[in-house]
Every structure is written in structure tokens, then in C-alpha cells.
Amino acid sequence: MLLEVRGLGKKFGGLDAVKGVDLDVPEGQVTAIIGPNGAGKSTLFNLLAGFYRPTSGTVTFEGKDITGMKPHRTVREGIARTFQTTKLFDDATVLDNVLAGRVVRSKSNALDAVFHTPRHRRDERASKARAMEELEFVGAAHLRDRLASKLPQEAQKRVSMAQALATEPRLLLLDEPAAGTNDEETEAFGLLIRQIVARGITVCLVEHKMSMVMNLADQIVVLDHGQRIATGTPAQIKSDPLVIEAYLGANTDQAGAPA
Ligand SMILES: Nc1ncnc2c1ncn2[C@@H]1O[C@H](COP(=O)(O)OP(=O)(O)OP(=O)(O)O)[C@@H](O)[C@H]1O
């Protein structure tokens, strides 16, 4: 198992945002995490990537205990995440944004950079080449010199995927990759995610768009009120009474029952 989560919990004051969650993410697959608004999906991602420290439980990645590890360390371990609303550096170009993802794999140190040593120059060239490869992979190479803030949402999402891929992850956490995109763009993101998996990268995604989830996921994990209420294949989840109840009971029109 690539990622093993046991009894994971996060409290905000008196609220259990995530409670006693067990999760196994098999290598080379797509695991989707779904659930009504406020179910704890984003909090779970933040716990896995180290943005939040769990109140209880453990996270094991490739057999190593990474519970409570900070994001700069989890990314070195091989976990990258994208955000629901993209967090690019607005004043930087697309290429510089993707290069920022390379920093974690840089072999040269601060002194190399200050003295512009051959090692630093070699490292810089290799990083740039890798960043461009990732931009080509996501179909955004032509945008390399544009300011990230000036791009439409869909392009920003592609760039943030390139940035995450540039860190050379073994596990990619995608937080609502299809949010705010039209049907055609959603389908294109689905294809891109398949290509990512074909590269041997394991994908875990949070997504409200059920068409994408049902098409892509090998395994679906359903959260409700911070707890895992079901795990299974898309076919199993669609007909699970607990899941149907959670969605029908959800006071939202965005969550979209997995029909
Ligand atoms: N930083 C925080 N401080 C306090 N409460 C929080 C915080 N982050 C999340 N919560 C609460 O924890 C619960 C789970 O929120 P979370 O954002 O993880 O849900 P979600 O499933 O990702 O929802 P959505 O689908 O709307 O993005 C909610 O009740 C939310 O209000």
C-alpha cells in the first residue's frame, strides 16, 4: 500500500472535521474522496500533505510514518497537492511558478547559488528543462512567459498541476481539479489525470463532479460528517444506501448525489 491512514482525526474547537478515518491508497490507482459539503475532504487532504497536524491517528507513506510532517517535508517524501482555488504566485511567470516546484529536488545549496557555481548552473538548466517538460505534458508550454494571474482558471489549474508534477511526486493529491470548468474541460482534465497515472503516479482526488469521479476512480471513499461511511468501486458506491442517504440528506445542491 502506498499510503495507509489509520484512525485519523482533526478537531477544530469542538468540531470533529475528520474523525477516525482509515484509508488505504493502492499504488498506481485513482482513489476518489467524495462526500457532501463540509464532510471533511479538504481537511483530510490537508492532514495528508502536512498543512494540518492531526489530533489523532497515523499517516504512513511507503512504509514510513509521516504523521504531522510539515508540507516542505511531505513534498520531499513524494506527496504533492493542488488546491481547490489555485495558489500560484500571481506576479511570477508560468515557467517560474513551475520552477518553484523544482526547488525541492535541487541539488545545489545557497552558496552554489550565490557564487553561481557550475553545479548551480547545471542544476538550473536541468530544472528548467524539467519544468518545460511538465508544462508541455499539461498542454501549457505556450503560456510559459505569461503572468500566472492573467490566465483563465482552466489554464491556472493546468499550471498548478505542472508545478505539482515538477516536484516528482509518487502521490498526487488533486483538490477539485474540475471545479469551475465546463464539460469539455472536465473531460480534458480526466484525460490528463489518466496520463498522470500512466506515468506511474498514484492519484487521490477530491471532486464533486460525479461524471469525473465515476469515470476515473478505481476506488471511491465516501466521507460524511468527518467519518468514512463507505469504500468501494464506482458501481458499489452508486448503490450503497448509506451513501445515497448522506447525499439526499445533504442540505446542498452542489454536492450532487452519485446517480
Ligand atoms: N480551519 C478551520 N477552522 C475551523 N473549522 C474548519 C476549518 N476548516 C474546515 N473546518 C470545518 O470542518 C468541516 C469540514 O470542512 P472541509 O472543508 O474539510 O469539508 P469539505 O468536505 O472539503 O467541504 P467542501 O466540499 O465544501 O469543500 C466543516 O464543518 C468546516 O466548517
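Residues numbered from 1 in each chain as written. Predicted model: local features only at pLDDT ≥ 70, side-chain atom pairs only at ≥ 80, totals over all residues.

Bringing the site of the ligand into the picture now. Taken together, the residues surrounding the ligand are F12, L15, A17, G35, N37, G38, A39, G40, K41, S42 and T43. A per-element tally of the shell around the ligand places helix α1 (residues 41-49) first, with three residues. (Near = placed C-beta within 6 Å. Helix = DSSP H or I, 4+ residues; strand = E, 2+ residues; numbered from the N terminus.)

Glancing now at helix α3 (residues 94-102). With seven of nine residues buried, α3 is to be regarded as a mostly interior element. Every buried residue of α3 is accounted for by V94, L95, N97, V98, L99, G101 and R102. Residues of α3 that are buried sit in contact with α5 (118-137) and α6 (153-166). (Buried ≥ 20, exposed ≤ 12 C-beta atoms within 10 Å, placed from the backbone. Contact = placed C-beta atoms within 7 Å.)

Let's shift gears to the environment of K10. Mapped onto the fold, K10 is located in strand β1 (residues 3-12). Given 22 C-beta atoms within 10 Å, K10 falls into the buried group. Taking the C-alpha atoms as reference, K10 lies 8.0 Å from L47; in sequence the two are 37 residues apart.

What follows is about the domain arrangement of the protein. Annotation of the protein at the domain level lists domain 1 (1-78 + 169-259) and domain 2 (90-168). A separation of 27 Å is found between the C-alpha centroids of domain 1 and domain 2. Counting residues at the interface gives nine residues for domain 1, matched by nine residues for domain 2. Sorting the residues of the side of domain 1 that touches domain 2 by element identifies α2 (71-77) and α7 (183-198) as the ones contributing at least two each. For the side of domain 1 that touches domain 2, a count of residues per class yields five nonpolar, two polar and two charged. (Domains from an automatic or database assignment. Nonpolar A, V, L, I, M, F, W, Y, C, P; charged D, E, K, R; others polar.)

A few words on the sheet that holds strand β7 (residues 171-175). Taken together, six strands build an open sheet; the order of strands is β6-β7-β8-β3-β9-β10 and the sheet is mixed. The sheet is open, and its two edges are formed by β6 (79-82) and β10 (227-232), each paired on a single side. Taken pair by pair, the neighbouring strands of this sheet meet at an average axis angle of 20 degrees, ignoring direction. Bridge analysis of β6 against β7 gives four bridges, and the strand direction is parallel. Pairing of T82 across the sheet is with L174, part of β7. Those strands touched by α1 are β3 (30-34), β6, β7, β8 (202-206) and β9 (219-224), and its axis lies near 150 degrees from that of β7. (Pairing = 2+ DSSP bridges. Axes fitted to C-alpha atoms, helices over the stretch in contact; angles between N-to-C directions.)

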